[in-house]
Amino acid sequence: MTVDVGARLRFIRQKYNLSQRTLARRVGIANSSISLIESNSISPSVGVLKRILDGIPIGLSEFFSFEPDRPQQTFYQASELVEIGKGGISYRQVGESLFGRALQILKERYEPGTDTGRVLLAHDGEEGGIILTGRLEVTVEDQRRILGPGDAYYFDSRRPHRFRCVGPVACEVVSACTPPSF
(Lines give C-alpha, C1' and ligand atoms only; values in the text may rest on other atoms or scores of the structure.)
Protein backbone atom coordinates (compact mmCIF):
# COMPACT_ATOMS: atom_id res chain seq x y z
CA MET A 1 0.00 0.00 0.00
CA THR A 2 1.36 3.43 -0.95
CA VAL A 3 0.65 6.42 1.30
CA ASP A 4 0.34 9.82 -0.39
CA VAL A 5 2.30 11.80 2.20
CA GLY A 6 1.93 15.07 0.28
CA ALA A 7 -1.85 14.97 0.01
CA ARG A 8 -2.15 13.76 3.59
CA LEU A 9 0.04 16.64 4.86
CA ARG A 10 -1.92 19.19 2.82
CA PHE A 11 -5.21 17.81 4.16
CA ILE A 12 -4.06 17.95 7.79
CA ARG A 13 -2.48 21.42 7.41
CA GLN A 14 -5.67 22.81 5.88
CA LYS A 15 -7.81 21.05 8.51
CA TYR A 16 -5.91 23.02 11.15
CA ASN A 17 -6.27 26.24 9.07
CA LEU A 18 -2.52 26.68 8.63
CA SER A 19 -0.88 28.18 5.56
CA GLN A 20 2.32 26.61 4.25
CA ARG A 21 4.16 29.77 5.35
CA THR A 22 2.79 29.68 8.91
CA LEU A 23 3.61 26.00 9.35
CA ALA A 24 7.11 26.50 7.93
CA ARG A 25 7.76 29.38 10.35
CA ARG A 26 6.54 27.28 13.29
CA VAL A 27 8.97 24.47 12.53
CA GLY A 28 11.88 26.50 11.18
CA ILE A 29 12.05 25.24 7.60
CA ALA A 30 11.54 26.94 4.23
CA ASN A 31 7.91 27.13 3.10
CA SER A 32 9.12 25.90 -0.31
CA SER A 33 10.01 22.61 1.44
CA ILE A 34 6.41 22.24 2.64
CA SER A 35 5.22 22.98 -0.90
CA LEU A 36 7.58 20.41 -2.44
CA ILE A 37 6.48 17.76 0.07
CA GLU A 38 2.78 18.46 -0.53
CA SER A 39 3.24 18.18 -4.30
CA ASN A 40 5.18 14.93 -3.77
CA SER A 41 8.19 16.47 -5.52
CA ILE A 42 10.34 15.41 -2.56
CA SER A 43 9.88 12.79 0.13
CA PRO A 44 10.68 13.95 3.66
CA SER A 45 12.74 11.85 6.01
CA VAL A 46 10.88 10.54 9.06
CA GLY A 47 12.72 13.13 11.18
CA VAL A 48 11.67 16.05 8.95
CA LEU A 49 8.09 14.80 8.77
CA LYS A 50 7.95 14.48 12.59
CA ARG A 51 9.32 18.02 12.94
CA ILE A 52 6.63 19.34 10.59
CA LEU A 53 3.86 17.41 12.34
CA ASP A 54 5.02 18.71 15.73
CA GLY A 55 4.18 22.19 14.43
CA ILE A 56 0.53 21.27 13.76
CA PRO A 57 0.60 19.35 16.37
CA ILE A 58 -0.16 15.77 15.40
CA GLY A 59 1.80 12.57 15.97
CA LEU A 60 3.23 10.30 13.31
CA SER A 61 0.89 7.43 14.20
CA GLU A 62 -2.20 9.65 13.96
CA PHE A 63 -0.91 11.13 10.67
CA PHE A 64 -0.65 7.68 9.06
CA SER A 65 -3.74 6.13 10.64
CA PHE A 66 -6.57 8.62 10.08
CA GLU A 67 -9.01 8.24 7.22
CA PRO A 68 -10.36 11.55 5.96
CA ASP A 69 -13.92 12.10 4.86
CA ARG A 70 -14.40 11.65 1.16
CA PRO A 71 -15.07 14.87 -0.74
CA GLN A 72 -18.78 15.63 -0.81
CA GLN A 73 -18.84 18.36 -3.48
CA THR A 74 -20.45 17.04 -6.66
CA PHE A 75 -20.50 19.99 -9.04
CA TYR A 76 -17.79 22.54 -9.82
CA GLN A 77 -17.99 25.91 -11.55
CA ALA A 78 -15.15 26.68 -13.98
CA SER A 79 -13.84 29.23 -11.47
CA GLU A 80 -13.55 26.47 -8.81
CA LEU A 81 -11.07 24.36 -10.76
CA VAL A 82 -7.71 24.49 -8.98
CA GLU A 83 -4.63 25.51 -10.99
CA ILE A 84 -1.75 23.13 -10.33
CA GLY A 85 0.33 23.78 -13.47
CA LYS A 86 3.15 26.22 -14.10
CA GLY A 87 4.83 28.00 -16.95
CA GLY A 88 3.17 27.53 -20.32
CA ILE A 89 1.18 24.50 -19.17
CA SER A 90 -2.04 24.88 -17.19
CA TYR A 91 -3.54 21.96 -15.28
CA ARG A 92 -6.92 22.90 -13.82
CA GLN A 93 -7.96 20.15 -11.42
CA VAL A 94 -11.49 19.17 -10.46
CA GLY A 95 -11.53 19.44 -6.65
CA GLU A 96 -9.01 21.07 -4.35
CA SER A 97 -7.78 17.97 -2.57
CA LEU A 98 -7.25 14.55 -4.07
CA PHE A 99 -6.84 12.93 -0.69
CA GLY A 100 -9.04 9.85 -0.55
CA ARG A 101 -9.79 9.98 -4.27
CA ALA A 102 -8.92 7.30 -6.79
CA LEU A 103 -9.34 9.51 -9.89
CA GLN A 104 -7.86 12.85 -10.92
CA ILE A 105 -9.58 14.89 -13.64
CA LEU A 106 -7.82 17.80 -15.33
CA LYS A 107 -8.53 20.43 -17.95
CA GLU A 108 -5.10 20.92 -19.49
CA ARG A 109 -3.89 23.78 -21.65
CA TYR A 110 -0.55 23.74 -23.47
CA GLU A 111 0.65 26.98 -25.04
CA PRO A 112 2.27 26.61 -28.50
CA GLY A 113 5.67 24.96 -28.23
CA THR A 114 5.35 23.90 -24.57
CA ASP A 115 5.96 20.36 -23.43
CA THR A 116 6.25 18.27 -20.29
CA GLY A 117 10.04 18.12 -20.63
CA ARG A 118 12.74 16.26 -22.50
CA VAL A 119 12.83 13.52 -19.86
CA LEU A 120 9.89 11.18 -20.35
CA LEU A 121 7.46 10.85 -17.44
CA ALA A 122 6.60 7.51 -15.84
CA HIS A 123 4.49 6.74 -12.77
CA ASP A 124 2.05 4.16 -11.49
CA GLY A 125 -1.45 4.16 -12.93
CA GLU A 126 -3.34 4.77 -16.13
CA GLU A 127 -4.23 7.96 -17.93
CA GLY A 128 -6.28 9.08 -20.86
CA GLY A 129 -7.54 12.23 -22.47
CA ILE A 130 -9.48 13.80 -25.32
CA ILE A 131 -8.12 16.71 -27.34
CA LEU A 132 -10.56 19.64 -27.45
CA THR A 133 -8.56 22.21 -29.45
CA GLY A 134 -5.13 22.48 -31.07
CA ARG A 135 -2.67 19.70 -31.78
CA LEU A 136 -0.86 17.62 -29.17
CA GLU A 137 2.09 15.36 -29.86
CA VAL A 138 1.87 12.39 -27.50
CA THR A 139 4.91 10.15 -27.11
CA VAL A 140 4.56 6.82 -25.30
CA GLU A 141 7.79 4.82 -25.31
CA ASP A 142 8.77 4.58 -28.99
CA GLN A 143 5.29 5.51 -30.30
CA ARG A 144 4.57 9.09 -31.30
CA ARG A 145 1.34 10.53 -32.64
CA ILE A 146 0.02 14.04 -33.30
CA LEU A 147 -3.58 14.26 -32.11
CA GLY A 148 -6.17 16.90 -33.00
CA PRO A 149 -9.66 17.85 -31.80
CA GLY A 150 -11.75 14.78 -31.00
CA ASP A 151 -8.74 12.43 -30.94
CA ALA A 152 -7.90 10.62 -27.73
CA TYR A 153 -5.20 8.66 -25.94
CA TYR A 154 -5.14 6.05 -23.16
CA PHE A 155 -2.15 4.16 -21.77
CA ASP A 156 -0.48 2.59 -18.75
CA SER A 157 1.38 5.48 -17.09
CA ARG A 158 4.34 3.25 -16.20
CA ARG A 159 5.25 3.47 -19.88
CA PRO A 160 7.56 6.50 -20.37
CA HIS A 161 5.58 9.36 -21.94
CA ARG A 162 5.66 13.02 -22.93
CA PHE A 163 3.19 15.65 -24.20
CA ARG A 164 4.04 18.57 -26.52
CA CYS A 165 1.86 21.24 -28.13
CA VAL A 166 2.59 21.48 -31.86
CA GLY A 167 1.20 24.10 -34.19
CA PRO A 168 0.44 27.79 -33.81
CA VAL A 169 -2.52 27.56 -31.38
CA ALA A 170 -2.85 26.41 -27.77
CA CYS A 171 -3.99 22.84 -27.19
CA GLU A 172 -6.71 22.02 -24.66
CA VAL A 173 -7.27 18.52 -23.30
CA VAL A 174 -9.63 16.96 -20.77
CA SER A 175 -7.75 14.15 -19.06
CA ALA A 176 -8.08 11.70 -16.22
CA CYS A 177 -5.59 9.53 -14.39
CA THR A 178 -5.82 6.95 -11.68
CA PRO A 179 -4.43 6.99 -9.14
CA PRO A 180 -3.95 10.78 -8.94
CA SER A 181 -0.35 11.60 -9.85
CA PHE A 182 0.06 15.33 -9.13
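In case you missed it, the structure is sitting above this.
The text that follows walks through the structure, step by step, so that each part is easy to find. (Residues numbered from 1 in each chain as written. Predicted model: local features only at pLDDT ≥ 70, side-chain atom pairs only at ≥ 80, totals over all residues. Heavy atoms only, no water.)

## Section: the sheet that holds strand 8 (residues 161-166)
Neighbouring strands of a sheet are bound in pairs by backbone hydrogen bonds; such pairs are parallel or else antiparallel.
Okay, step 1: Taken in spatial order, the three strands of this open sheet run 6-5-8, and their pairing is antiparallel. Since the sheet does not close on itself, it has two edges, and those belong to strand 6 (143-147) and strand 8, each with one partner. Neighbour-to-neighbour, the strand axes of the sheet open up by a mean angle of 15°, direction not taken into account.
Okay, step 2: By the bridge criterion, five bridges tie strand 5 (residues 135-140) to strand 6 in an arrangement that is antiparallel. Residue pairing across strands places E137 opposite I146, the latter belonging to strand 6. (Pairing = 2+ DSSP bridges. Helix = DSSP H or I, 4+ residues; strand = E, 2+ residues; numbered from the N terminus. Axes fitted to C-alpha atoms, helices over the stretch in contact; angles between N-to-C directions.)

## Some remarks on the packing of aromatic side chains
Okay, step 1: Applying the stated rule across the entire model yields six aromatic pairs.
Okay, step 2: Each member of the aromatic cluster is reached from another via a ring pair, and the members are Y91, Y110, Y153, F155 and F163. (Phe/Tyr/Trp six-rings, centres within 6.5 Å; stacked < 30°, edge-to-face > 60°.)

## Brief notes about a nonpolar patch on the surface
Okay, step 1: Taken together, the side chains of L103, I105, I130, L132 and V174 define a hydrophobic patch exposed on the protein surface, amounting to about 390 Å² of accessible area.
Okay, step 2: Along the chain, I130 falls in strand 4 (residues 126-133). (Patch = residues over 30% accessible without salt bridge, like charges linked within 9 Å, V, L, I, M, F, W, Y side chains within 5 Å. Areas by Shrake-Rupley, 256 points an atom, 1.4 Å probe, with all protein chains shown as cover. Salt bridge = Lys/Arg side-chain N within 4 Å of Asp/Glu carboxyl O.)

## Notes on the side chain of S90
Okay, step 1: Its place among the elements puts S90 in strand 2 (residues 89-93).
Okay, step 2: A distance of 2.6 Å separates polar atoms of two side chains, one belonging to S90 and the other to E83.
Okay, step 3: Contacts of S90, omitting those with residues within four sequence positions, involve E83, K107, E108 and R109. (Polar contact = N/O pair within 3.5 Å; in protein donor to acceptor, adjacent residues only side chain to side chain. Contact = heavy atoms within 4.5 Å.)

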